[in-house]
Amino acid sequence: MRIISGLSSRQRLLAGAVVVGGLVLIVAAAALLVTSGRSDAASEQPLAFNHEIHAQKGIQCQFCHYGVTKSPSAVIPSVELCMGCHQNIRTDSEIIQELAGYWERQEPIPWKRVYEQPSYVYFNHRSHIASGVTCGACHGDVASMTVAHQVVEHNMGFCLDCHAEQENKEALYDCAVCHR
Amino acid sequence: MAEHKWTMIVDLDKCTGCQACVVACHAENNVPIASETEVVRGRGLHWIRIERYWEGEFPNVKAKFLPVFCQQCGSAPCEPVCPTYASYHSEQENLNIQVYNRCVGTRYCGNNCPYKVRYFNYRAPEFDAPLEQQLNPDVTVRGAGVMEKCTFCIQRIRRAAETANAEGRPIADGEVQPACVQACPSDALIFGDKYDPESRVARMTPHNRQFKLLEHLGTEPAVYYLKGGETHVGD
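Just so it is clear, the structure is predicted and the values come from calculations on it, not from any experiment.

Caption draft 1: Spotlight on the interface of chain B and chain A. Every contact between the two is made by 22 residues of chain B and, on the other side, 16 residues of chain A. Buried surface at the junction of chain B and chain A, summed over both partners, amounts to about 1,700 Å²; 56% is from carbon and sulfur atoms. Considering only the surface of chain B that becomes buried against chain A, B:Asn101, B:Thr140 and B:Glu162 emerge as the three largest contributors, covering 28% of it. Linking chain B with chain A are 2 salt bridges.

Right, here's the structure in full:
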């Protein structure tokens, strides 16, 4: 205190300003940290695609995500696949006209990823579907979501919990199954 | 317990030292290309290297080539020394696996490897244009500070296994071909599952020309070298 009391009023003002400035910075950084976490991909999608409506009409997941039974990737469908139905269906709707805009400009829709794996993890949709894993086991009940959002945390524990219950557990516990 | 015994046969009498396997490996496995200065400092990276030996006196000199890559030892010196279990033995595939996301870069494995086939990423990988356009999406691009080595193209083995599994059948012989084997123009490299009695490698071993590198160390390599020298005619 003796040191501070020894300061001139101008210096004291300056010190105060530095402290206040520092506090503001900390609060701003904290706010940034909170908001920079994975926000709901839903609100950021370029087109308000509704999973629920499509599921209610009886469309199976693999009709659009047709890679799921054939390849490691489930596939985000191309605009062409959407237009296969929507050049005739609901053409008066605003969203469909927006979709048709992409088609006319021959542009892909810049969808935002909902589920993402790190670059050192290799997942194969085909093997899981072939082994009888349902889509919902990892993706939740997408059919009742208006906009798809992440409901299951895909971390290593999640994968291994399921692998541990399988008959060929030894094989599925090998690191090289997912990391290569 | 183990399902497969992935085995490579290198026919030295057929190898011409063309380096096609080296190029194929770089392309398949996203192996960065070190600059000349880095190589001089002993920081080059090649998962497969062709060692060249000169034999005889001038003018009767002959070049002999020895492709050396990870021998996928049955009793591997690199494995027990890893403090993070990044270098471990896959009981399933009978391979030495390197888990990059576990590796902290102590380099104990590289120092303990008698074949010197483990390489350390001293720098973050850089791929000069247009090489960055042809990176293999099935293989991790390793960051700086990580040890790496030949995997017998585990991504191709896994892909074949996953396909075969989904179709409810075993992996057929010849279905898995590492990039080097695929690229070899003189058929000097032969790859397959030794546990499959009908496979080409199983039928070719034991071979009267076979030897293994540094066999006396007891590392039990999964790579057979064939060498008959001047006496060799045909298979």
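On we go.
Caption draft 2: View of the pairing of strand 8 (residues 189-193) of chain B. Burial of strand 8 of chain B is extensive: 5 of the 5 residues sit out of reach of the surface. Side chains B:Leu189, B:Phe191 and B:Asp193 project from strand 8 of chain B onto one buried face, and the interleaved B:Ile190 and B:Gly192 project onto a second face that is buried too.

Caption draft 3: Representation of the sheet that holds strand 10 (residues 223-226) of chain B within the structure. Residue and element names in this part refer to chain B. The strand order 8-1-10-9 describes an open sheet built from 4 strands, whose pairing is mixed. Strand pairing shows two members of the sheet lacking a second neighbour, strand 8 and strand 9 (210-211), which therefore form its edges. Bridge count for strand 1 (residues 6-11) against strand 10 is 4 bridges, and the pairing is parallel. Bridge assignment links Ile 9 to a residue of strand 10, and that residue is Tyr 224.

Caption draft 4: Molecular detail of the confidence of the model for chain A. All names here are of chain A. When pLDDT is averaged across chain A, the result is 83; 76% of the residues are at 70 or more. Scored below 50 in pLDDT, residues 1-6 shows 2 contacts in the model against residues more than four places distant or in partner chains. Low confidence marks residues 32-39, where pLDDT is under 50. Its contacts with residues over four positions away, or in another chain, come to 4 contacts.

Cut-offs and rules
- Residues numbered from 1 in each chain as written.
- Chains lettered and ligands numbered in written order.
- Predicted model: local features only at pLDDT ≥ 70, side-chain atom pairs only at ≥ 80, totals over all residues.
- Heavy atoms only, no water.
- Contact = heavy atoms within 4.5 Å.
- Buried area = accessible area lost by both parts, 1.4 Å probe.
- Salt bridge = Lys/Arg side-chain N within 4 Å of Asp/Glu carboxyl O.
- Buried < 20%, exposed > 50% of the residue type's maximum accessible area, 1.4 Å probe, protein only.
- Helix = DSSP H or I, 4+ residues; strand = E, 2+ residues; numbered from the N terminus.
- Pairing = 2+ DSSP bridges.
- pLDDT = per-residue confidence, 0-100.

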